[in-house]
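Architecture at a glance
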Amino acid sequence: MATARDYRQRRRLRRDRHGRGLRGTLYPATLPAAASRAERFDALVLDALEPIEARWRHELTKLDVAVDDVPEVRENGRAPADGVLHDGAVPLSRLVPAGVDRTGMPTRARIVLYRRPLEARAKDPSELADLVHDVLVEQVAGYLGVEPDVIEGE
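Attention in this report is confined to the structure presented alongside it. (Residues numbered from 1 in each chain as written. Predicted model: local features only at pLDDT ≥ 70, side-chain atom pairs only at ≥ 80, totals over all residues. Heavy atoms only, no water.)

Section: the overall build of the protein chain
Across its full length, the protein chain carries five helices and six strands. Reading the helices (α) and strands (β) of the protein chain from amino to carboxyl end gives α-α-β-β-β-β-β-β-α-α-α. A burial count over the protein chain gives 24% of its 154 residues as buried. A separation of at least 24 residues holds for 55% of the contacts in the protein chain among residues at least 6 apart in sequence. Counting every atom, the protein chain has about 11,300 Å² of accessible surface; 51% of that belongs to carbon and sulfur. (Helix = DSSP H or I, 4+ residues; strand = E, 2+ residues; numbered from the N terminus. Buried < 20%, exposed > 50% of the residue type's maximum accessible area, 1.4 Å probe, protein only. Contact = heavy atoms within 4.5 Å. Areas by Shrake-Rupley, 256 points an atom, 1.4 Å probe, with all protein chains shown as cover.)

Here it is, written out as structure tokens:
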């Protein structure tokens, strides 16, 4: 004998709560609109890094590039100051030197770009691409200990 609970479980597998069925994706995966803002930003960072990495491939083998949404803020209300590229009081990126983590494992040097502060400073996608490129050039120059003009080949 079927109970009301069995009926609700069977119904839940086939339909949503309004009885119209399950929704599909809004956009096909092949369209640019299907990517989230974070995914588009990650692609932008990879595009900006590609020419730098092509020129400095051997020097950058022990460097990672990462994206974080917002900077980490410590208990005193301030972001870490070492290796940070600021725009006023807001950190845009940080160069974390190689070292040892809390468990004693060695870590690689990495550049962390903060997505939301960078997006907030750009008026349009082309300006964001230029800003990401400039920040990456500054941080790679800091990592290698050279001037930013040397990184771009000027």
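Now that the structure has been shown, the text picks up again.
A few points about the packing of helix H2 (residues 37–55) against helix H4 (residues 125–144)
Closest axis-to-axis distance for the H2/H4 pair is 9 Å, and the angle between their directions is 50 degrees. On the basis of the axis angle, H2 is oblique to H4. With respect to the hand of their crossing, H2 and H4 are arranged in right-handed fashion. Touching Phe41, Leu44, Val45, Ala48, Leu49 and Ile52 of H2 are Leu128, Ala129, Val132, His133, Leu136, Val137 and Val140, all from H4. The class makeup of the residues in the contact of H2 with H4 is 12 nonpolar, one polar and no charged. (Axes fitted to C-alpha atoms, helices over the stretch in contact; angles between N-to-C directions. Parallel < 35°, antiparallel > 145°, perpendicular 65-115°, else oblique. Left-handed = near helix turned anticlockwise from the far one by under 90°. Nonpolar A, V, L, I, M, F, W, Y, C, P; charged D, E, K, R; others polar.)

Quick word on a negative patch on the surface
A grouping of Asp124, Glu127, Asp130, Asp134, Glu138, Glu147, Asp149 and Glu152 is seen on the molecular surface, where their side chains present a negatively charged patch. Contributing elements (two or more residues each) for the negative patch: H4 and helix H5 (148–152). Examining the composition of the negative patch, we find that four residues originate from one element, H4, more than from any other. With respect to the helices and strands, the residue glutamate 152 is situated in helix H5. On the basis of relative accessible area, glutamate 152 is assigned to the partly exposed category, the value being 39%. (Patch = residues over 30% accessible without salt bridge, like charges linked within 9 Å, V, L, I, M, F, W, Y side chains within 5 Å. Salt bridge = Lys/Arg side-chain N within 4 Å of Asp/Glu carboxyl O. Lys, Arg positive; Asp, Glu negative; His and termini not counted. Charge placed at Lys NZ, Arg CZ, Asp CG, Glu CD.)

As for the environment of aspartate 134
Relative to the helices and strands, aspartate 134 is located in helix H4. Aspartate 134 gets classed as partly exposed once you look at its relative accessible area, which sits at 42%. Remark: the alpha-carbon pair of aspartate 134 and glutamate 152, spanning 18 residues in sequence, is separated by 9.7 Å.

Quick look at H2
Taking 1.5 Å of rise per residue, 19 residues should cover 27 Å, and H2 covers 28 Å from first to last C-alpha, within 8% of that figure. At leucine 49, H2 shows its strongest bend, of approximately 35 degrees, with the proline proline 51 following within four residues. Listed in full, the buried residues belonging to H2 are Phe41, Leu44, Val45, Ala48, Leu49 and Ile52. In this fold, the buried residues of H2 make contact with strand S1 (63–68), strand S6 (109–114), helix H3 (115–121), H4 and H5. (Expected span 1.5 Å × (residues − 1). Bend = angle between axes of the 7 residues up to and from the residue.)

What about H4?
Its 20 residues give H4 an end-to-end C-alpha distance of 28 Å, which sits within 8% of 28 Å, the value for a rise of 1.5 Å per residue. Of all the positions in H4, only Leu128, Val132, Val135, Leu136, Val137, Gln139, Val140 and Ala141 are classed as buried. Once H4 ends, the next one or two residues include glycine 145, with phi positive near 75 degrees.

Just geometry here; none of it tells us what the structure is for.
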